[in-house]
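# Structural features, examined
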Amino acid sequence: MAVNTMTKLTLGPIAYHWSADARRDFYARIADEAPVDEVYLGEVICSKRAPFHEADLPATIERLERAGKTVILSTLAEVMLKRERKATEDLAAMDTPEIEVNNAAGLYARGKRPHRIGPFMNAYNDATIAWMAGQGATHVCLPAEMPAPAIAAAAQAAVALGLGVEVQVFGRASLAVSARCYHARAHGRTKDNCQFVCEEDPDGMPLRTRDDRPILRVNGIQTLSESYVDLLPEAARLIADGVTHLRLMPQAVDMVAVAQVFRDALDGRVPTGEADARLATLSGHAGLSNGFYHGTAGYRRISAAAPA
Amino acid sequence: MSLAELICPAGTPAALRTAVDAGADAVYCGFQDATNARNFPGLNFTPDELAEAVTYAHARGTKVLLALNTYPPAGKVDLWRHAADTGARLGVDAFIVADMGVADYIARTYPGIRLHLSVQAAASSPEAIRYYCENFGVKRVVLPRILTIPEIRQLRREIPCEIETFIFGNHGLMVEGRCSLTNYLTGQSTNMDGVCSPASDVEYVRDADGSMSSQLAGFTIDRFGVDEKAGYPTICKGRYAAPHRPEGYYAFEEPISLNLSRLLPELIEAGVHAFKIEGRQRSKSYVRGVVRAFRAAVDDIKAGREANIADLIALTEGQKQTQGAFETKKWR
């Protein structure tokens, strides 16, 4: 691919319930070794999990910033209960670091102060992006299910307004959120009585069809794709279409190596085909998919046209 | 006491007339394209049909609400703008919207027409609802089916607009407007195309042992024994196997209908302004039966009488029903 050294690589927030220890180790390695420019932190999926790792946030932020990374705090995708409203308000009140808003409650609390628009905000089109920019948005992460022509049109509009534009290029796609906890349900419990059973599945709980085909992953109230999204072969076109930031979602694989593969490909050090083969190896048993981008079923993997 | 308006589904012109005649205070409908969340073959209205429908409904004192409640992908926003223009020209009483760009367009272009916030916007907190009220002048919010009655009562005190709740019909499990399950398996998007587990991708396959697999786009969503009735393969109502549930189980929810008829008095007391009946995809006779029964129930309650709703149970999907989140937090 053409050399794209200006394109920023970002690391999305951890979707799963990783232990405080696992998170500390993870971000220490990211700070020291991963060639990502920006890191999103914070609990986006389940407000019950936040107390387990909140106390570590200031140290993690400092560690990442010392390593030259930009840190952004992401707000909850679902805001209903008092503690969720409070958590959203508290984040929205902060001056630094930057915040990424994932629920309209966060937009309300943030007012016109600068903020980023998260992937749960449904910024599907130019009209919505223009509205959001007028309300103080500086950056927008597009929904994972958007196809290439819509990404290009949205990116063009966002860039014209001076916004950064981000697309998820690696990791499971978020397919749904719910008020009900499906991890708790699988274990015969309710959300209030979940005993944090989701911690047992650091890469999500696999669901298989009754004829034994992998289909979805459960992460508490969230449902994710079974396959990892992989848009590495499409990165050159994303960038040509105006996308400025490429998002890697943390999975239980070697994310430092994943980031390195993307950076090497973007910088032109490793040919796209070779980089993509490395990504497949790093992803282990997870299938790779790019169907959403190509306007077909999300789980599908469409062979790229000849790499640029 | 609130008005307790009855908001009824109109998937076709015939269903609309049926709902109006059966006592709907308002009907909701959409055009035959991606601008609404029930973009199913054979459903919905041409502009000419909507014009006739508005005349028919208004002559009988019934309001017409136009659903423009999907999310336009960039490059296609004009389809939604034109739909709003057409609706305004035909005199609809309100638009039901989810996308901020669409809401902004209507608020600026047609400030005299009411905006209702669709359940597809997933506004479930006072702050989120106030965001839409203050920025777009939203007059009513359709609440996600995830709140208990005490939570609705509390919410009512904290927002400046009316509340509409679903009381009957399909029981959606995922946060509406945030679900891409259908797109993941079929390539058609609920948010962008208005499609959910589409019939065109459904197949029922008889297995060698006599059991029946109901499939969506080649994925087995559920499998039924010889004596079981095979259900429609809606992804979030399927049975799957998990490591702790190797036998297969309803990972999200079983096929079940929402029926809040017993809770109507409490919902009215909690300050709910309007009751929504789901089912634009359902038959005319279904619409007639449900609307008539709820009309009688609401009128009974308003008159201080005991409501009789036994007939509604026969109409529910799979004969099973739930009060969902409205009754207890344990649902979560």
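These numbers were taken from a predicted model, which means no experiment stands behind them.

## Regarding the overall build of chain A
Secondary structure assignment for chain A yields eleven helices and twelve strands. Its C-alpha radius of gyration of 18 Å places chain A within 12% of the 19 Å reference for a compact globule of 308 residues. Taking all 308 residues of chain A together, the buried fraction comes to 64%. Total accessible area computed for chain A in this model is approximately 10700 Å², and 53% of it derives from carbon and sulfur atoms. Separation of charge centres in chain A, based on 33 positive and 37 negative side chains, amounts to 4 Å.

## With respect to unusual backbone geometry
Put simply, T96 of chain A and P97 of chain A share a cis peptide bond, and its omega is -10°. Following the sequence through the fold, P97 of chain A ends up in the loop between α4 (82-92) and β4 (98-101). At A122 of chain B, a position not held by glycine, the phi torsion is positive, near 55°. Along the chain, the position of A122 of chain B falls in the loop between β5 (114-117) and α5 (126-136).

## Thoughts on the packing of aromatic side chains
Applying the stated criterion to the full structure yields 18 aromatic pairs over all chains. Judged by centre distance (5.4 Å) and plane angle (65°), the rings of F168 of chain B and F294 of chain B are edge-to-face. Remark: F294 of chain B occurs in helix α10 (residues 284-302) and F168 of chain B occurs in strand β7 (residues 162-170); sequence separation between them is 126 residues. With centroids separated by 6.1 Å and ring planes inclined at 70°, the aromatic side chains of Y240 of chain B and F252 of chain B adopt a geometry described as edge-to-face. Taken as a pair, Y240 of chain B in strand β11 (residues 239-242) and F252 of chain B in the loop between β12 (245-250) and β13 (257-259) lie far apart in primary sequence, twelve residues in all. Y240 of chain B gets classed as buried once you look at its relative accessible area, which sits at 0%. Clustering of aromatic rings is evident, with ring pairs tying together W131 of chain A together with Y131, Y132 and F136 of chain B. Sitting over the face of the ring of F196 of chain A, K48 of chain A holds its NZ or CZ atom 5.2 Å from the ring centroid. One cation-aromatic arrangement involves R213 of chain A over F219 of chain B; the distance from NZ or CZ to the ring centre is 3.7 Å.

## Things to note about the domain arrangement of chain B
Residues and elements named next belong to chain B. Taken domain by domain, chain B holds domain 1 (5-171 + 256-331) and domain 2 (181-250). Residue-level contacts link 15 residues of domain 1 with eight residues of domain 2. For the pair domain 1 and domain 2, the two sides together bury roughly 770 Å², of which 48% comes from carbon and sulfur. It is N39, F40 and Y71 in domain 1 that bury the most area against domain 2; as a group they hold 37% of the surface buried on that side. Where domain 1 packs against domain 2, one counts zero salt bridges. Here the side of domain 1 that touches domain 2 is built from residues that sort into seven nonpolar, six polar and two charged.

## Structural notes on the pairing of strand β2 (residues 26-29) of chain B
Residue and element names in this part refer to chain B. Side chains of β2 alternate between two faces, with A26 and Y28 and V27 and C29 buried alike. In terms of strand pairing, strand β1 (residues 5-9) meets β2 through three bridges, oriented parallel. In the strand pairing of β2, C8 is matched with V27. What joins β1 to β2 is helix α1 (residues 13-21), and the crossover it makes is right-handed. Here four bridges tie β2 to strand β3 (residues 63-68), and the two strands are oriented parallel to one another. Note that in β3 the partner of V27 across the bridge is V64. In the classification by handedness, the crossover that spans β2, the intervening helix α2 (residues 47-59) and the parallel β3 is right-handed.

## So, the interface of chain A and chain B
The accessible area lost on association of the parts is a frequent measure of interface size. Counting residues at the interface gives 66 residues for chain A, matched by 67 residues for chain B. For the pair chain A and chain B, the summed buried area comes to about 5700 Å², and 57% of that belongs to carbon and sulfur atoms. Along the contact surface separating chain A from chain B lie four salt bridges. Residue D222 of chain B pairs with R210 of chain A through a salt bridge whose shortest N-O separation is 3.2 Å.

## Focus on the side chain of D264 of chain A
All names here are of chain A. By the element assignment, D264 lies in helix α10 (residues 255-266). Given the relative accessible area of 10%, D264 is considered buried. Among all residues touching D264, those that are not within four sequence positions of it are R269, V270 and R278.

## Looking at the sheet that holds strand β8 (residues 202-206) of chain B
All names here are of chain B. If you walk across this open sheet you meet the three strands as β8-β9-β10, and the pairing is antiparallel. Here the strands that pair on one side only, and so sit at the sheet edges, are β8 and β10 (219-224). Neighbour-to-neighbour, the strand axes of this sheet turn through a mean angle of 25°, independent of strand direction. Where β8 and strand β9 (residues 212-216) come together, five bridges link them in antiparallel fashion. Bridging from a neighbouring strand, V202 pairs with L216 of β9.

## Brief notes about the side chain of E226 of chain A
Here E226 of chain A shows up in strand β10 (residues 222-230). With residues up to four places along the chain from it excluded, the contact list for E226 of chain A reads R172, P214, I215, L216 and R217 of chain A together with Y184 of chain B.

## Remarks on a positive patch on the surface
All names here are of chain B. Taken together, the side chains of R17, K284, R288 and R292 make up a positively charged region of the molecular surface. Here the positive patch takes three residues from α10, the largest share from any one element. Among the secondary structure elements, R288 is positioned in helix α10. Take R288: its relative accessible area is 31%, and that puts it in the partly exposed class.

## Quick notes on the packing of helix α6 (residues 126-134) of chain A against helix α4 (residues 100-109) of chain B
Two measures define how a pair of helices packs: the angle their axes make with one another and the distance between the axes. Put simply, α6 of chain A and α4 of chain B touch, their axes get as near as 7 Å, and they point 80° apart. In terms of orientation, α6 of chain A lies roughly perpendicular with respect to α4 of chain B. Where α6 of chain A abuts α4 of chain B, its residues A127, T128, W131 and M132 of chain A lie against M100, G101 and D104 of chain B. Classifying every residue of the contact of α6 of chain A with α4 of chain B by side-chain character gives four nonpolar, two polar and one charged.

## Let's talk about the packing of α10 of chain A against helix α11 (residues 272-282) of chain A
Residue and element names in this part refer to chain A. With their axes 10 Å apart at the nearest point, α10 and α11 run at an angle of 170° to one another. With respect to their mutual orientation, α10 and α11 come out roughly antiparallel. Contacts between α10 and α11 pair A257, V258, V261, F262, D264 and A265 from the former with A275, R278, L279 and L282 from the latter. Grouping the amino acids of the contact of α10 with α11 by side-chain chemistry returns eight nonpolar, no polar and two charged.

## Here's the deal with the nonpolar core
With 197 residues, the main nonpolar core has L207 and L248 of chain A together with F95 of chain B as its most contacted residues. When residues of this core are assigned to domains, at least three fall in each of domain 1 (5-171 + 256-331) and domain 2 (181-250) of chain B. If you look at the next biggest cluster of nonpolar residues, it comprises 13 residues, including A15, I45, F120 and A184 of chain A.

Cut-off values and rules
- Residues numbered from 1 in each chain as written.
- Chains lettered and ligands numbered in written order.
- Predicted model: local features only at pLDDT ≥ 70, side-chain atom pairs only at ≥ 80, totals over all residues.
- Heavy atoms only, no water.
- Helix = DSSP H or I, 4+ residues; strand = E, 2+ residues; numbered from the N terminus.
- Rg over C-alpha atoms; globule rule 2.2 N^0.38 Å.
- Buried < 20%, exposed > 50% of the residue type's maximum accessible area, 1.4 Å probe, protein only.
- Areas by Shrake-Rupley, 256 points an atom, 1.4 Å probe, with all protein chains shown as cover.
- Lys, Arg positive; Asp, Glu negative; His and termini not counted.
- Charge placed at Lys NZ, Arg CZ, Asp CG, Glu CD.
- Phe/Tyr/Trp six-rings, centres within 6.5 Å; stacked < 30°, edge-to-face > 60°.
- Lys NZ or Arg CZ within 6 Å of the ring centre and 35° of its normal.
- Domains from an automatic or database assignment.
- Contact = heavy atoms within 4.5 Å.
- Buried area = accessible area lost by both parts, 1.4 Å probe.
- Salt bridge = Lys/Arg side-chain N within 4 Å of Asp/Glu carboxyl O.
- Nonpolar A, V, L, I, M, F, W, Y, C, P; charged D, E, K, R; others polar.
- Pairing = 2+ DSSP bridges.
- Right-handed = clockwise from strand over helix to strand, strands pointing away.
- Axes fitted to C-alpha atoms, helices over the stretch in contact; angles between N-to-C directions.
- Patch = residues over 30% accessible without salt bridge, like charges linked within 9 Å, V, L, I, M, F, W, Y side chains within 5 Å.
- Parallel < 35°, antiparallel > 145°, perpendicular 65-115°, else oblique.
- Core = buried A, V, L, I, M, F, W, Y, C linked by side-chain atoms within 4.5 Å.

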